[in-house]
Amino acid sequence: RGENMRFSAVFACLLALVGSVHCAKLIPNYQGCMNKTAKALPYCDPSLTMEERIADLIKSLTIIEKIALISPDPSLGSTCNMHTSPLERVGIPEYMWLVETNTAVASVCVQENQCATNFIGPEGLGASFNRTSWRMKGDVISTEFRALSNANYRRGTGPTDYIGLTGFGPNINIARDPRFGRNSELPGEDPFLSGHYAVEYVKGLQQIDERGFYKMFSYLKHYTAYSVESNRGHDTYNISDYDLFDTYLRQYEIAFVEGNASGVMCSYPAENGHPSCANDFILNTIMRGVWGAKDAVVMTDCGVVANTMGPPVNAATPELAAAFTINNGTDLEAGTNIWTDSMLDAVMEDLVSVETIDAAVRRTQLQLMQAGHYDDPENVSWTKISLATVNSTAHRQVNYEAALQSFVLLKNNGILPLTPGKRIAVIGPQGVTREGLLSSYHGDVLCFSGDYECIPMISEEIGMANVGGETNWLGGVDVNSEDESGIVAAIALAVKADVVVLVIGIDKTIEHEGQDRSEITLPGKQDFFAQLVLALGKPTVMVLTNGGALAIDGLIEGPDAIIEAFNPATEGARALAATLFGKENRWGKLPITLYPSNYTGEKDMDDYDMSSGVGRTYRYYTGTPQWPFGWGLSYVSFAIECRNTSTSHLNFECDVHNLGKMQGDEVIMVFHSAGEDIRKAAEHPVPLKSLVEFDRTTVAPGENATVSFALEEKVLSLTTKNGSPKIYSGLHSLIFSNGHDFNQVFNITV
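Residues numbered from 1 in each chain as written. Predicted model: local features only at pLDDT ≥ 70, side-chain atom pairs only at ≥ 80, totals over all residues. Heavy atoms only, no water.

1. Structural notes on the environment of Pro-187
Okay, so step 1: On the secondary structure map, Pro-187 appears in the loop between β4 (166–171) and α7 (191–205).
Okay, so step 2: Looking at Pro-187, the relative accessible area reads 0%, which means it is buried.
Okay, so step 3: Spatially, the C-alpha atom of Pro-187 lies 8.1 Å from that of Gly-121, the residues being 66 residues apart in sequence.
Okay, so step 4: Not counting residues within four places of it along the chain, the set of residues in contact with Pro-187 comprises Pro-122, Glu-123, Gly-126, Asn-171, Ile-172, Leu-193, Ser-194, Tyr-197 and Pro-591. (Helix = DSSP H or I, 4+ residues; strand = E, 2+ residues; numbered from the N terminus. Buried < 20%, exposed > 50% of the residue type's maximum accessible area, 1.4 Å probe, protein only. Contact = heavy atoms within 4.5 Å.)

See the structure below:
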């Protein structure tokens, strides 16, 4: 399909409005079973079961045609986006698999002020600890995904990259190390939190209509153990069975078992010498076997098959590279055309069986069929979704609500909330940026103009919220340069102000796909600039925007308030301004640990052992963090008391009483910690504590809310040396906490 076809169809519909022509209904992108050739074949017969239809399709295809359905056709577009060839003999259209869905539907805009809803960065979503928000994000993105597919819209990556039925996201690798360049794509450092983020997001994406058709399909990224950018594709890491199951697979297990994820994009690294995309153990034995996801589809990350011809595999020929990947569980090649050019030879050389090819074709085509790809669009309710839903008022509100819950109040000596009508200076490079507020893998096009001018700056939104006051802003310094020429003017603004809002941090020039950080301190002259601002003694609110955690060792004491804002994106600046002035009080909790700057010298980035040395994440870190996982304040205080409501089950209720004069949100987290007797007996690492449940509640001033937890006995389990779960005999503690001033412990002896 070309641009001319789509615009001709749209123009025809416009003419129909004035009675000139009949408006033919648009056919969704890549829709199958629409021509006479296809309609005459059993795979297009809806009276048969889907398994019967797929079986007949596979039986009717030649080996060359089968390979074409699982290999990229470079003549159709980028091989990274994975276009498969049309099969005219049986009426199968071309298809493009890769549409990113980590924060938005990667697409072009519909019109001015109507681009796909672009959510705040996933770390901010993780900070909300709000399952409902995550589910609603999935619903928004899947609705817009279908709308764009129905109306023949495409990605912003190329004129032939049309949106189909398959979305790649969420990315749920854990934020293992703060230096990792892609932390802005992740919901946090905890496997339980990340897994349940994925469960809700995937359920929102993969809704099923009354006829059983999926709204779209969701593939998790990047499976697994991906958190280093240097030498990616040829790197291998020694990972114990304990760490593999306790940290690197756990979130994916939750997403498949509880969320019914449809598949994965396998990752660049190798685990113990076995590349993720050629790892029979994690793809077949675990994912399709133990977790029961027998029909899960696996697509490679871009160029992975070619990578197997180098370290650590060193496949001698393209045929061996093709065989190594498909025989060990991969279904689709992306980024190179080794399968396209060499898979047939691999079959002829008996390196790959026809049955293995058939299995990959079956899994991929079955999923497309389950989304109505091979059925009459009139019989699929999702094809009725219109472009009016894209970035609709309702969708923007969901995004705004998510943004309100994404900020973490690290410190407040009473300066917040601000009173409107003051003279405010907003200074710092992140206060005057638009693009710099985005996480990685935001939508392809965010503003109709193609730039970022539609994204409000934090300074602009503070100015609008400061009713009756005067708001001025300057960057002062760049995110990462030695230029000091703007400092004098910015300091002059601060001197004249009643309140200073200092907005600093990092953007995607500092951390991104392909680039890790070597240090976690502020780059360029930002720390120097911040020290000059704080030396003025002005009431100062410091706002941090970043993906990977920042260490601000020398800046903790000076500000009157500190806010972690992560990547606030399109709605975050407005939400932040409303929060600063007390119109909202919806704070979140840290989904990551904020380490001191010396952490980078204490733990090598390539060390995948979670518990060695000072350890990684709150579960194993034995040092003193600047702020711990789960930390987060509010404008009000809460009195919290929990109780066990059953003598035979792990059922608890927590009463949350708002002691303040404004409505506020509170998050209750439940952690499991094993007793010393168990720790001494265990032949494997034991986490200091592990998140096992959480909930969020909104409480009116002076009112109470009750949060209930019905915990299963498995929350007391630990991961053993061989990776299996086990509930040890001995003392166990369940810790109920709000992350800062409430901790209530219930001891349980097993």
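2. Some words on the state of the cysteines
Okay, so step 1: Counted under the stated rule, the structure contains 6 disulfides.
Okay, so step 2: Each disulfide pairs two cysteine sulfurs, and for Cys-80 the partner residue is Cys-302, the sulfurs being separated by 1.7 Å. In this pair, Cys-80 sits in the loop between α4 (63–68) and β1 (83–84) while Cys-302 sits in the loop between β10 (297–300) and α11 (304–307), placing the two residues 222 residues apart along the sequence.
Okay, so step 3: The partly exposed category is assigned to Cys-80, whose relative accessible area is 23%.
Okay, so step 4: The exposure class of Cys-302 is partly exposed, given its relative accessible area of 23%. (Disulfide = S-S within 2.5 Å.)

3. A word on helix α10 (residues 280–290)
Okay, so step 1: Within α10, the full set of buried residues consists of Ile-282, Leu-283, Ile-286, Met-287 and Arg-288. The buried residues of α10 occupy one face: seen down the axis, they fall within an arc of 160°.
Okay, so step 2: Downstream of α10 by a residue or two, Gly-292 has a phi angle that is positive, lying close to 80°. (Arc of directions from axis to C-beta.)

4. Quick look at the packing of aromatic side chains
Okay, so step 1: In the structure shown here, the tally under the stated rule is 31 aromatic pairs.
Okay, so step 2: An angle of 65° between the planes, with centres 6.5 Å apart, marks the rings of Trp-97 and Tyr-219 as edge-to-face. With Trp-97 in the loop between β2 (95–96) and β3 (99–100) and Tyr-219 in strand β5 (residues 217–223), this residue pair connects regions lying 122 residues apart in the sequence. Per residue, the accessibility class of Trp-97 equals that of Tyr-219, and both read buried. (Phe/Tyr/Trp six-rings, centres within 6.5 Å; stacked < 30°, edge-to-face > 60°.)

5. Section: the nonpolar core
Okay, so step 1: Counting residues in each nonpolar core, the largest one holds 201 residues, and the members touching the most others are Leu-220, Tyr-223, Met-287, Leu-416, Leu-418, Ile-563 and Leu-691.
Okay, so step 2: Leaving out residues up to four positions away in the same chain, Leu-416 has contacts with Leu-409, Val-541, Ala-561, Ile-563, Leu-580 and Tyr-635.
Okay, so step 3: Val-670, Val-707, Phe-709 and Val-715 belong to the second-largest nonpolar core, a separate cluster that totals 23 residues. (Core = buried A, V, L, I, M, F, W, Y, C linked by side-chain atoms within 4.5 Å.)

6. As for the sheet that holds strand β9 (residues 274–275)
Okay, so step 1: One open sheet holds the 3 strands; their spatial order is β6-β8-β9, and the pairing between them is mixed. With one partner strand each, in any of the chains shown, β6 (236–237) and β9 form the two edges of the open sheet.
Okay, so step 2: Examined bridge by bridge, strand β8 (residues 270–271) and β9 share 2 bridges and lie antiparallel to one another. In the sheet register, Ala-270 faces β9, and the bridge partner there is Pro-275. (Pairing = 2+ DSSP bridges.)

7. Focus on the layout of surface pockets
Okay, so step 1: Roughly 920 Å³ of volume is contained in the largest pocket.
Okay, so step 2: Looking at the largest pocket, it is lined by 36 residues, and the ones nearest its centre are Phe-192, Arg-250, Ile-254, Lys-714 and Ser-717.
Okay, so step 3: Contributions of two or more residues to the lining of the largest pocket are made by α7, α8 (241–248), α9 (250–259), β19 (664–674), β20 (690–699), β21 (704–711) and β22 (718–719).
Okay, so step 4: The element contributing the most residues to the lining of the largest pocket is α9, with 5 residues. (1 Å grid on protein atoms, 1.4 Å probe; cavity = no way out; pocket = protein on both sides within 12 Å on 5 of 7 lines; lining within 4 Å. Points joined across faces, edges and corners; volume = space filled by probe spheres on them.)

8. Comments concerning a nonpolar patch on the surface
Okay, so step 1: Nonpolar side chains collect at one region of the surface, where Ile-64, Leu-344 and Met-348 lie side by side and expose about 310 Å² of accessible area between them.
Okay, so step 2: The topology assignment puts Ile-64 in helix α4. (Patch = residues over 30% accessible without salt bridge, like charges linked within 9 Å, V, L, I, M, F, W, Y side chains within 5 Å. Areas by Shrake-Rupley, 256 points an atom, 1.4 Å probe, with all protein chains shown as cover. Salt bridge = Lys/Arg side-chain N within 4 Å of Asp/Glu carboxyl O.)

9. A look at the sheet that holds strand β18 (residues 650–658)
Okay, so step 1: Read across the sheet, 3 strands follow the order β17-β18-β21 without closing on themselves; strand pairing throughout is antiparallel. With one partner strand each, in any of the chains shown, β17 (638–644) and β21 form the two edges of the open sheet. Across the sheet, the axes of successive neighbouring strands diverge by a mean angle of 20°, strand direction being ignored. (Axes fitted to C-alpha atoms, helices over the stretch in contact; angles between N-to-C directions.)

10. A look at the environment of Glu-100
Okay, so step 1: Note on placement: Glu-100 falls in strand β3.
Okay, so step 2: Each C-alpha atom, one on Glu-100 and one on Asn-81, is 9.6 Å from the other, the two residues being 19 residues apart in sequence.
Okay, so step 3: Among all residues touching Glu-100, those that are not within four sequence positions of it are Val-105, Ala-106, Arg-155, Phe-168, Lys-221 and Tyr-441.

11. Description of the side chain of Arg-696
Okay, so step 1: Within the secondary structure, Arg-696 sits in strand β20.
Okay, so step 2: The exposure class of Arg-696 is buried, given its relative accessible area of 11%.
Okay, so step 3: There is a polar contact of 2.8 Å between the side chain of Arg-696 and the backbone oxygen of Ser-128.
Okay, so step 4: Excluding residues that lie within four positions of it along the chain, Arg-696 makes contacts with Ala-127, Ser-128, Phe-129, Asn-130, Gln-405, Arg-586, Trp-587, Gly-588, Asp-665, Glu-666 and Val-667. (Polar contact = N/O pair within 3.5 Å; in protein donor to acceptor, adjacent residues only side chain to side chain.)

12. A word on the pairing of β21
Okay, so step 1: Alternating positions in β21 separate cleanly, Ala-705, Val-707, Phe-709 and Leu-711 being buried on one face and Asn-704, Thr-706, Ser-708 and Ala-710 remaining unburied on the opposite face.
Okay, so step 2: Pairing analysis gives 8 bridges linking β18 to β21, with the strands arranged antiparallel. Along β21, the bridge assignment pairs Asn-651 with Ala-710.

13. Quick word on the packing of α8 against α9
Okay, so step 1: For the pair α8 and α9, the least separation of the axes is 5 Å and the interaxial angle reads 50°. With respect to their mutual orientation, α8 and α9 come out oblique. From α8, Phe-245, Asp-246, Thr-247 and Tyr-248 reach across to α9, where they touch Arg-250, Gln-251 and Tyr-252.
Okay, so step 2: When the residues that make up the contact of α8 with α9 are grouped by side-chain class, the tally is 3 nonpolar, 2 polar and 2 charged. (Parallel < 35°, antiparallel > 145°, perpendicular 65-115°, else oblique. Nonpolar A, V, L, I, M, F, W, Y, C, P; charged D, E, K, R; others polar.)

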